[in-house]
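Now for the letters of each chain:
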Amino acid sequence: MLKQIEGSYAMAEAIALCRPEVVCAYPITPQTHIVEGIGELVREGKLARCEFINVESEFAALSVAIGASAAGARAYTATSSQGLLFMAEAVYNAAGLGLPIVMTLGNRAIGAPINIWNDHSDAMSMRDAGWMQLFAETNQEAVDLHIQAFRLAEELSMPVMVCVDGFILTHAVERIEIPSQEDVDAFLPPYDPVQVLDPREPVSIGAMVGPDAFTEVRFLQHYKQQQALSLLPKFAAEYEARFGRAAGGLLRTYKADDAELLVVAMGSVNGTIKDTIDEMRAESIKIGLVTLVSYRPFPTAALRAALANAKDVVVIEKSFAVGIGGQLANNVDQALRNMTVAPRVHSVVAGLGGRPITRAALHRVFRQAVIQPWEATHFLDLNERIVAAEIHRTRKKRRSGPTAENILKRLASESSFVPAE
Amino acid sequence: MFQIRIHGRGGQGVVTAAELLSVAAFIEDQHAQAFPSFGSERMGAPVVSFCRIDSKEIRLREPVLEPDALIVQDATLFKAVDVFHGLKDGGYLLVNTNKSFGELHLDSVVAKLPAGHIVTVPATELALKHIGRPVPNAALLGAFAALTGTVRLDSVAKAIHEAFPGKIGDANVAAATEAHNAVAAARVRTAA
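Residues numbered from 1 in each chain as written. Chains lettered and ligands numbered in written order. Predicted model: local features only at pLDDT ≥ 70, side-chain atom pairs only at ≥ 80, totals over all residues.

J.: Before we go on, may I ask you to explain the overall build of chain A in this structure?
T.: Scanning chain A from N- to C-terminus turns up 15 helices and 15 strands. Compactness check: chain A gives a C-alpha radius of gyration of 22 Å against a globular reference of 22 Å for 421 residues, within 12% of the reference. If you line up chain A on its principal axes, its C-alpha atoms span 70 × 55 × 50 Å. Buried residues in chain A amount to 48% of all 421 residues. Expressed as a percentage of contacts within chain A between residues at least 6 apart in sequence, the contacts between residues at least 24 apart total 78%. (Helix = DSSP H or I, 4+ residues; strand = E, 2+ residues; numbered from the N terminus. Rg over C-alpha atoms; globule rule 2.2 N^0.38 Å. Buried ≥ 20, exposed ≤ 12 C-beta atoms within 10 Å, placed from the backbone. Contact = placed C-beta atoms within 7 Å.)

J.: I would appreciate a short explanation of the pairing of strand β3 (residues 46–54) of chain B in the present structure.
T.: Successive residues of a regular strand alternate their side chains across the two faces of the sheet. Residues and elements named next belong to chain B. Counted residue by residue, β3 has 7 buried out of 9 residues, so it is predominantly covered. Bridge count for strand β1 (residues 2–9) against β3 is 8 bridges, and the pairing is antiparallel. Residue pairing in the sheet places H7 in a bridge with V48 of β3. (Pairing = 2+ DSSP bridges.)

J.: Is there a simple way to explain the interface of chain B and chain A in this structure?
T.: One frequently used descriptor of interface size is the decrease in accessible area upon assembly of the parts. Chain B puts 27 residues into the contact, and the matching count from chain A is 25 residues. Ranked by residue count, the leading element in the side of chain B that touches chain A is strand β2 (residues 31–36) of chain B, at 6 residues. Of the residues that constitute the side of chain B that touches chain A, the class distribution is 15 nonpolar, 6 polar and 6 charged. (Nonpolar A, V, L, I, M, F, W, Y, C, P; charged D, E, K, R; others polar.)

J.: Honestly, the nonpolar core in this entry has me stumped. Any pointers?
T.: One recurring pattern in soluble globular proteins: nonpolar side chains tend to sit buried together. In this structure, V162(A) and A143(B) are the most contacted members of the largest nonpolar core, which totals 194 residues. The element contributing the most residues to this core is helix α1 (residues 14–27) of chain B, with 10 residues. Formed jointly, this core draws a minimum of three residues from each of two domains, domain 1 (2–243) and domain 2 (251–379) of chain A. Beyond its immediate stretch of four places on either side in the chain, A143(B) contacts L94(B), V119(B), V121(B), A123(B), A179(B), H180(B) and V183(B). (Core = buried A, V, L, I, M, F, W, Y, C linked by C-beta atoms within 7 Å. Domains from an automatic or database assignment.)

J.: Looking at this structure, how should I read the sheet that holds strand β3 (residues 51–54) of chain A?
T.: The strands that make up a sheet are held in pairs by hydrogen bonds between backbone atoms, and each pair lies either parallel or antiparallel. Residue and element names in this part refer to chain A. Taken in spatial order, the 7 strands line up as β3-β2-β4-β5-β7-β6-β12 in an open sheet, and their pairing is mixed. Only two strands of the sheet have a single neighbouring strand rather than two, namely β3 and β12 (294–296). Across the sheet, the mean angle separating the axes of adjacent strands is 20° when strand polarity is ignored. (Axes fitted to C-alpha atoms, helices over the stretch in contact; angles between N-to-C directions.)

J.: Quick question: what am I supposed to make of helix α4 (residues 137–148) of chain B here?
T.: Each α-helix winds once per 3.6 residues, and so residues spaced three or four apart point in a common direction. Given a rise of 1.5 Å per residue, 12 residues ought to cover 16 Å, and the 16 Å separating the end C-alpha atoms of α4(B) matches this to within 8%. The buried count for α4(B) comes to 12 of 12 residues, which makes it a mostly enclosed element. (Expected span 1.5 Å × (residues − 1).)

J.: What should I look at first to understand unusual backbone geometry in this one?
T.: Outside of glycine, negative phi angles account for most residues, and trans bonds account for most peptide bonds. Residue and element names in this part refer to chain A. A cis amide bond, omega 0°, links G111 with the succeeding residue A112. Looking at the secondary structure, you find A112 in the loop between β5 (102–107) and α6 (121–125). In this model, R296 is joined to P297 through a cis peptide bond whose omega is 0°. By the secondary structure assignment, P297 is in the loop between β12 and α11 (300–307). With a phi close to 55°, R19 is a non-glycine residue in the positive phi region. Examined against the element boundaries, R19 turns out to sit in the loop between α1 (7–17) and β2 (22–25). Residues other than glycine seldom take positive phi values, yet N338 does so here, at roughly 65°. Locating N338 in the fold gives a position in the loop between α12 (327–335) and β14 (344–349).

J.: Where do I start with the sheet that holds strand β9 (residues 251–254) of chain A in this structure?
T.: Residue and element names in this part refer to chain A. Reading across the sheet, the 6 strands line up as β9-β11-β10-β13-β14-β15 and stay open at both edges, with mixed pairing between neighbours. A single partner strand is all that each edge strand has here, and the edge strands are β9 and β15 (377–379). Strand-to-strand twist across the sheet, computed as the mean angle between neighbouring axes with direction ignored, equals 25°. Running at roughly 10° to β9, α11 makes contact with β9, β10 (261–265), β11 (287–292) and β13 (312–317) of the sheet. Here helix α13 (residues 359–371) sits on the sheet in contact with β10, β11, β13, β14 and β15, set at roughly 145° to β13.

J.: It is not clear to me how the packing of α4(B) against helix α5 (residues 153–163) of chain B should be interpreted in this structure. Could you clarify?
T.: Two numbers describe a pair of packed helices, the interaxial angle and the distance between the axes. Residue and element names in this part refer to chain B. Direction vectors running N to C along α4 and α5 enclose 155°, while the axes themselves pass 9 Å from each other. Relative to α5, α4 is oriented roughly antiparallel. Crossing angle aside, the handedness with which α4 passes α5 is right-handed. Contact residues: α4 offers A138, L141, G142 and A145, while α5 offers L153, V156 and I160. Residue composition of the contact of α4 with α5, by class: 6 nonpolar, 1 polar and no charged. (Parallel < 35°, antiparallel > 145°, perpendicular 65-115°, else oblique. Left-handed = near helix turned anticlockwise from the far one by under 90°.)

Take a look at the structure:
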């Protein structure tokens, strides 16, 4: 059914269509509306045979999901930002134990300084925890990815994180097709666990594993994610055949065939990039896009093939590792390793802490990458004057005070708004 | 693509207004995208919301930087924020006030806009009359429909009824209808 609906509530409906049996979550902006929506569906009886468990923290939320999943229930949770950090130990445990939990991550920056707005720092903080990580470009894709995520998680017995841009998608009201229960039931069979805590057939899960077997257990986690590289396109094709809509897979390309300049990005910024590409194509600039859906597993071979014929690759990402640069750019570099003639890779960090990524800024940076490439990382729309002033201040005075507060004070003092007369 | 930016204060239904407008456009089989400015909203603080309407899929995710229309739910905002930033030449301006543009010291701004594109509506008064609460958003959407023709009044009414069934919906639709008719009549006078 086609609806004009907030992304969070559309996701709540999609998750309910997947018939989770245990949902446990702790509210944190911008994830809150998703679990509120599911809670409402449980209370109204629209999501039957599901226990919504209120917990006291994110650590408890995922711990309860782990217990529920190990007991054979289809389990779901959601969080954002600091909430994901607070559950970090359980995030690794869910993956290490091979429990097919699905979690929505309403992507938000990580503090300090505290910031409730969107970027991908939270997803990146857990990129190596062993979860599969899928990024939604639109709210429609967020709906579709959740349905595929349960299928994928349970097929491999491995948790999946569906990453959805906080506010930009979670709080946007737009046109979204909500699938029918019949179609979802046909696509997603009931959960058939590969391991289950059952008093009739007692097993223990979570044994202490020493040096004699730890490497092998870890290797098999990696082996499962490698299998996901072929399962993701297979499920995406099946999904498209049933639902009539392309969603998921490893990656998608846009106007890439003859492109000399290819952009690589994840999440909702791809929409703005496509509009920018259309404008640049109108000026006969050969530019295209590779939208990465699966970040974990990382589709090394598919990405290498998609980028092989470009001269320049611009990676736009909403996160960076302090001290080295963009994580995605580093992974793209790795995908191009040892190519005889590899494209140049240009790393752009953008949209941190909710700073809008505008077409105007993208036009500038795409052109600059070809004409005047930079070293290392380019920070899109960085206010260099403010940065320089703060560096100057800290050099002049030992007790220069807290950086964030200093910059806020300077910005406030420079505010130039004068009401119209 | 038609882009609308709504300025108001926390508690005035700024975000709801953008959402209702997007639903009205959806009812008319248009593509629409509504989203808030994502601040830590609180009662009384300046709040911004956005709505885009188009005949095809909307992919753009930047804030509305160059609006085709501005809806200002609180006239005290003109002294607090740069409401007019990026407003397109030939854009529309709809202000909730019982004063004139001259009394708001906006003559120089409105002089740059086409005569039929600017209007004031006492939306808070209409809200108090029909709803009994100072929530001007429904009245402003009715006025917006009359001013721009982007959506029809009956679609706005349907969107309001979907979100607020029963008496509250009826009262909001009454406010929207009176505002719509007042603006439509004023436009006829301007044209004549």
